[in-house]
Amino acid sequence: MDEIVRFENVGLRYGAGTETLADLNFTLFPGSFYFLTGASGAGKTSLLKLLYLSQRPSRGVIRLFGEDAVTMPRERLPGFRRRIGVVFQDFRLVPHLSAFDNIALPLRVAGVREKDLEIPVTEMLEWVGLGDRASARPATLSGGEQQRVAIARAVIGRPEILVADEPTGNVDPEMAMRLLQLFEALNTLGTTIVVATHDIHLLSKIPGAQMMRLEKGMLADPTGSLRFPPLSKDQLQ
Amino acid sequence: MFKFFAIPAYDRRLIPEGRLSGPMPWVIAIMIFLTVLAAAAGLAMNRAIGDVSDELSSRATVQIIEANPEIRGRQAAAAAERLRAMPLIEEVRLLPPEEIEALIEPWLGTQDLADDIPLPALIDLKLVRVATQAEYQSLRSVLQPIAPGSRVEPSSGYIAPVISLVRSFQWIALGLVCLLALATGAAVIISARSALNTHTETIAVVHLLGGTDQQISRLFQRRIALDALLGGLIGLVGGTAIIWLISVQLTALGSGLVQSVRLDWWSWLIIAAIPILGMFLAMVTARLTVLGALKKIL
């Protein structure tokens, strides 16, 4: 596959207001790592919503996994969503489920049998440093722990695209590095990563990562050495 | 069917709610209780109409109206003799005067009426089958020369207005069952919407993780079906207890039509099926409500 995501003249308008996103044209390539930056209110979360199929654009074309995601029948969307892992800015953990059950949720939704859940979920809990908090409910976890559960839930199904909205916002620098290493490890395995952040320091932590910068709902030329528009890994090499 | 109710523990945790803790099972219990009573009334009346109609449609009464008791007695005896010889007649019974007096005693008292009022002689006929109007006319023609003041009345004629009234009650009972089914459906819709509102965030998350509408609606429909079944069984037990009490009282009355108001085994079967039907109604309603609501989100 040459491309995993392609936006063509995409615009998004909520209600009758002005466009939150306008004239977005870009292509994401499989196995690449992207940072999406921009000031608060620039439209990062809205762009991610289009990526993880929570929203349809008001105009334009979005091609996802080679198919038109805008005109795709609603019944087919769940199958596509299972190929995308999402770390929400506000985590969106199910409050009455334990950390284990929250992380297992994507696998259960995908129909994985109970006996096949135990090992991967436990391993994932260990990986994010929450091996001893498997039965803890989100309300009893700290902000950072909740974020790690949210990340574990997003990656447990080995998604083809991982979309993360400010994933390091609530964790200490050490944990932020560990999470980025997890993302990088996933990226090495072929997952396309899109991380929205306004932490400019993160950008230098992943060599080869590319940046997309949003300004008032439109893609803008990035500053510094990072490139725009994004290039594929091959082009980068 | 039991597999359907074996909700996996993680599903129960996903949309938690304790059994019989919300109002839904109790609302359904009341609906099913009333439905059971309305259905039982309709079915029992159907049975009563059937019994009385079968019994009376092949019966007739001959009245011999004659003021002179001696002539009346002779005419009655001759008429009975003639009737016994007819192939259409299975049984002829000439009612003794004491029995006739006993029949009118509730209205006219216990005085020695035969001396004061010229009561007609009555002959009760049981026919081999339901007779046609032409056959009744032929009976009248046969009896006319023997007893000129005779009248032949099919017994079904007496009961026709009562049957018509009971049929009206049956329609009312059916209407009540339909209204209660609608009310149950409405209660389920409200309950399903309320549950959806309560769990909006969980549903949104499951949706974004790739959960299908069917997966999400199954969580609700199974829970609502189970609530409906539990409520329905409570309603059935309550309704059955009331039916039993009423049947005891009706039996104690010991009066013809009223005594025949009882339920067949198949009527009990229908009544027992009401909670199951209620459960399916609740399940389908919940499913349609949840699917309809989910269609509004992407």
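In case you missed it, the structure is sitting above this.
It should be emphasised that the depicted structure is a prediction, and the values quoted were computed from it without experimental measurement.

This part is about the overall build of chain A. Scanning chain A from terminus to terminus reveals seven helices and ten strands. Taken over C-alpha atoms, the radius of gyration comes to 17 Å for chain A, in line with the 18 Å a tight globule of 237 residues would show. Each of the three principal axes of chain A carries a C-alpha extent, and together these read 45 × 40 × 35 Å. Counting all 237 residues of chain A, 43% fall into the buried class. Looking at chain A alone, contacts between residues at least 24 apart form 69% of all its contacts between residues at least 6 apart.

Another aspect to go through is the interface of chain B and chain A. Every contact between the two is made by 14 residues of chain B and, on the other side, 20 residues of chain A. In terms of residue count, helix α9 (residues 200-208) of chain B provides more of the side of chain B that touches chain A than any other element does, four residues in total. Looking at side-chain class alone, the side of chain B that touches chain A contains eight nonpolar, five polar and one charged residues.

Our next topic: the sheet that holds strand β1 (residues 5-13) of chain A. Residue and element names in this part refer to chain A. The antiparallel open sheet is built from four strands, whose spatial order is β2-β1-β4-β5. In this open sheet, the two edge strands, each paired with only one partner strand, are β2 (19-28) and β5 (67-68). As defined by bridge partners, β1 adjoins strand β4 (residues 59-64) across five bridges and the pair is classed as antiparallel. Considered in β4, the bridge of V5 is made with L64. Here helix α1 (residues 44-51) sits on the sheet in contact with β1, β2 and β4, set at roughly 125° to β1.

Residue and element names in this part refer to chain A. Among the structural elements, G85 can be located in strand β6 (residues 84-87). C-alpha separation for the pair G85 and I151, spaced 66 residues apart in sequence, amounts to 8.7 Å. Each residue touching G85, except ones within four places of it in the same chain, is listed here: A154, V155, G157, P159, L162 and V163.

Looking now at the environment of A69(A). All names here are of chain A. Turning to its location among the elements, A69 is positioned in the loop between β5 and α2 (77-81). Classification of A69 as buried rests on a count of 21 C-beta atoms within 10 Å. Spatially, the C-alpha atom of A69 lies 33 Å from that of G144, the residues being 75 residues apart in sequence. Other than its neighbours up to four places away in sequence, A69 contacts L53, I62, R63, L64 and F80.

Right, let's get into the nonpolar core. By size, the foremost hydrophobic cluster in this structure holds 117 residues, and its most contacted members are I103(A), V163(A), I224(B) and A282(B). Here the element with the most residues in this core is helix α3 (residues 24-57) of chain B; it accounts for 18 residues. Excluding residues within four positions of it along the chain, I224(B) makes contact with M24(B), V188(B), S191(B), A192(B), A282(B), M283(B) and A286(B). Core analysis: the second largest hydrophobic core is formed by 15 residues, A60(B), V62(B), A79(B) and A147(B) among them.

In this sheet, β2(A) lies alongside β1(A) in antiparallel orientation, the contact comprising six bridges. Each residue of the ladder has a partner; that of F7(A), found in β2(A), is F26(A).

The strands that make up a sheet are held in pairs by hydrogen bonds between backbone atoms, and each pair lies either parallel or antiparallel. Residue and element names in this part refer to chain A. Taking strand neighbours across the sheet as the criterion, the six strands line up as β6-β7-β8-β3-β9-β10 in an open arrangement whose pairing is mixed. Edge positions in the sheet fall to β6 and β10 (218-220), since each has one partner strand and no second. Direction aside, neighbouring strands of the sheet carry axes that sit 25° apart on average. Note that β6 and strand β7 (residues 161-165) share four bridges and pair parallel. Bridge pairing in β7 places V86 opposite V163.

How each quantity is defined
Residues numbered from 1 in each chain as written. Chains lettered and ligands numbered in written order. Predicted model: local features only at pLDDT ≥ 70, side-chain atom pairs only at ≥ 80, totals over all residues. Helix = DSSP H or I, 4+ residues; strand = E, 2+ residues; numbered from the N terminus. Rg over C-alpha atoms; globule rule 2.2 N^0.38 Å. Buried ≥ 20, exposed ≤ 12 C-beta atoms within 10 Å, placed from the backbone. Contact = placed C-beta atoms within 7 Å. Nonpolar A, V, L, I, M, F, W, Y, C, P; charged D, E, K, R; others polar. Pairing = 2+ DSSP bridges. Axes fitted to C-alpha atoms, helices over the stretch in contact; angles between N-to-C directions. Core = buried A, V, L, I, M, F, W, Y, C linked by C-beta atoms within 7 Å.

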